[in-house]
Amino acid sequence: MSKRPVAPGGDVAATPSSIERWPTGAKVFLILSVALLPLAVIAIFATLQTTRTFNDEARARLRLAAAESSRSLAIELGGDMTALRATAAALGRDRADAASCARVQGVFAQQFAAGARMTVLDRAGRPLCGTPFPEARRPLRMAPGSDVGTRVVEAQGILLAVEDGATGTRGVAMFPTEFLSRLSRPSGLNVAYAAALVDGERLVLSTIEPGRALERRESIRTPLGIGGLVLEMQIPSTPISSPMVIAMLLPLLMWALAASIAWFVVDRLLIRPLRALRSSVAAFEPGTEIDPTVTRGIPAQEIRELGETFRAISRTVVLHEAGLAEGLVRQTKLTREVHHRVKNNLQVIASLISLHARGARSPEAGQAYSTIQRRVDALAVVHRNHFAEMEESRGLSLRSMIGELAANLRATAADHPAMGIVVDVEPLCVNQDVAVAVAFLITELIELAMTGDAAAKIRISVNRTEPLRATLRISSPALIEGDVLRDGLASRYGRVLEGLSRQLRAKLHHDPLIGAFEIAIAVVGNE
């Protein structure tokens, strides 16, 4: 879970938004663009409104023309199919009814001159009236709710058919494309148009020559009420010409140009001088003054005065830096002296304990003195290594610290001459708190092993497991599970080891079969 930054006064610092992190030039350009954009939008809207007016007029003309053409087609084709339906019913009742046949041929006389064809067929497909033609026997599409079948014959025309439900007699008519085109031509439309009859397929009645690439068209579809036939008409709309494109792009160009000029002026007079001043301040080093030539060429008087203020501050900083450097030297000397005296005091304490141990009247008292001396020696080793690493502040070297600690433990265990300690530590560094806990933990475990076996063979190893984690392992046959080990942990060492593991913020694991204790420790890096 991420935490919000805390200000120096203790309050939670506000996290800057994405816009606040933008450069000032980008913010200025954005503000100017937003301020000038409504003017460009108004100009574009006016141009579009003029174009929309022309388009509305074109759509109105198209609606009138489509209504006229669809009405002409519906009246003509509907009348013809009504006459054909009556003839089919009459011939279905009486095949010798020549008068009905003559009547319908008279109705189709004008269409015959234009290339139309008509025939009446009985249920078996035998002609009863008119001239049969191959397309008459094709299946036709019946729209829902309509009694007229339709079929578009590509590049030829439209087939229409009616059928008498009682006798099964069919009347079929073929209207050619040229006849339909002439019939659907509107009288009041003085512009080029395209027309087509649609019934699943398209029958083109008239076309418009292809125009420019950006040409637009207005389209309308009008049902004829005959089967599923729909009349589709198109006329050219207001074209997207060069003047229209220029009229629409000019407001955007003026908007971008105005915002760019304003940004250029602000960038030259304010942003660039401030950026140059910031660079000179960022390059400031203790003991030096800001270069005065940086502020001389700045056109803005206020920024020049700000630069002079920074120069005065830099001169003040130089004086304060000199005083701080002198104080730091004195403080470093004092710190070294304190560490040196603490190290000497620890060595004196260890020597006094050793002297008292020699005069102990009982082995138990001598052993107690030795135990105390080992812990003082462990703390002295840590302090000595910490004092050696003070100048670099990169942590204490585990290898040198554990090696010196092992040597001291062997030296202070005079009553255990056969004890051996093997050290296998990677070149890692830890902070002082971890070093103190590690030193005491090793001392306690080695002394625990010595209580179980005077000739104990002990191995100490530290191996890195993660970039900032390592495993400290102390193993010995003397640490294998047994009565002596259990008594030592229960009576004396267990509570100390538990406290040290809490200080290291990890769990101390014990493998009773091979006699090994291991714990994870934090490291700060390599030597």
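Structure: above.
Remember, predicted model here, so these are calculated numbers, not experimental data.

## A closer look at the nonpolar core
Thinking step 1. By size, the foremost hydrophobic cluster in this structure holds 48 residues, and its most contacted members are L398, L472 and I521.
Thinking step 2. Not counting residues up to four positions away in its chain, the partners in contact with I521 are L398, V434, V438, V462, L468, R469, A470, L472 and L504.

## What about the sheet that holds strand 1 (residues 117-121)?
Thinking step 1. Read across the open sheet, the six strands follow the order 2-1-6-5-4-3; overall the sheet is antiparallel. In this open sheet, the two strands that pair with only one neighbour each are strand 2 (127-130) and strand 3 (141-142).
Thinking step 2. As defined by bridge partners, strand 1 adjoins strand 6 (residues 170-176) across five bridges and the pair is classed as antiparallel. Within the sheet, the bridge partner assigned to M118 lies in strand 6 and is A173.
Thinking step 3. Across the face of the sheet, helix 2 (residues 98-107) comes into contact with strand 1 and strand 2 while running at roughly 45 degrees to strand 2.

## As for helix 10 (residues 432-452)
Thinking step 1. Compared with an ideal rise of 1.5 Å per residue, which puts 21 residues at 30 Å, helix 10 spans 31 Å between its outermost C-alpha atoms and is within 8% of the ideal.
Thinking step 2. By the criterion of burial, helix 10 is predominantly enclosed, with 16 of the 21 residues buried.
Thinking step 3. For helix 10, the capping residue at the N-terminal end is N431, with a side-chain oxygen 3.3 Å from the backbone nitrogen of D433.

## Some thoughts on the environment of M233
Thinking step 1. Along the chain, M233 turns up in strand 10 (residues 230-236).
Thinking step 2. You can call M233 buried: its relative accessible area is 1%.
Thinking step 3. Considering only alpha carbons, one finds M233 and A66, 167 residues apart in sequence, at a separation of 6.5 Å.
Thinking step 4. Not counting residues within four places of it along the chain, the set of residues in contact with M233 comprises L62, A65, A66, S69, P186, Y193, A194, A195, E218, S219 and I220.

## Describing unusual backbone geometry
Thinking step 1. In this model, R505 sits at a positive phi of 60 degrees, which is unusual for a non-glycine residue.
Thinking step 2. Within the fold, R505 resides in the loop between helix 11 (483-504) and strand 16 (509-511).

## Side note on the state of the cysteines
As used here, a disulfide is simply a covalent bond connecting the sulfur atoms of two cysteines.
Thinking step 1. By the definition in use, this model includes one disulfide.
Thinking step 2. Covalently, C101 is tied to C129 through a disulfide, its sulfur atoms 1.9 Å apart. Taking the torsion about the sulfur-sulfur bond, which here is approximately 85 degrees, the covalent link between C101 and C129 counts as right-handed. Pair noted here: C101 is in helix 2 and C129 is in strand 2, with a separation of 28 residues, a long-range link.
Thinking step 3. Overall, C101 belongs to the buried group, its relative accessible area being 14%.

## Focus: the sheet that holds strand 16
Thinking step 1. Read from one edge of the open sheet, five strands run 12-14-15-17-16, paired in mixed fashion. At either end of the open sheet lies a strand with only one pairing partner, and these are strand 12 (420-425) and strand 16. For this sheet, the mean inter-axis angle between neighbouring strands, taken without regard to orientation, is 20 degrees.
Thinking step 2. Examined bridge by bridge, strand 16 and strand 17 (residues 516-522) share three bridges and lie antiparallel to one another. The partner of H509 across the bridge, within strand 17, is E518.
Thinking step 3. Strand contacts of helix 9 (residues 398-412): strand 12, strand 14 (457-466) and strand 17, with the helix running at about 180 degrees to strand 12, the strand carrying the most contacts.

Here is what the cut-offs are and how they apply
Residues numbered from 1 in each chain as written. Predicted model: local features only at pLDDT ≥ 70, side-chain atom pairs only at ≥ 80, totals over all residues. Heavy atoms only, no water. Core = buried A, V, L, I, M, F, W, Y, C linked by side-chain atoms within 4.5 Å. Buried < 20%, exposed > 50% of the residue type's maximum accessible area, 1.4 Å probe, protein only. Contact = heavy atoms within 4.5 Å. Pairing = 2+ DSSP bridges. Helix = DSSP H or I, 4+ residues; strand = E, 2+ residues; numbered from the N terminus. Axes fitted to C-alpha atoms, helices over the stretch in contact; angles between N-to-C directions. Expected span 1.5 Å × (residues − 1). Polar contact = N/O pair within 3.5 Å; in protein donor to acceptor, adjacent residues only side chain to side chain. Disulfide = S-S within 2.5 Å.

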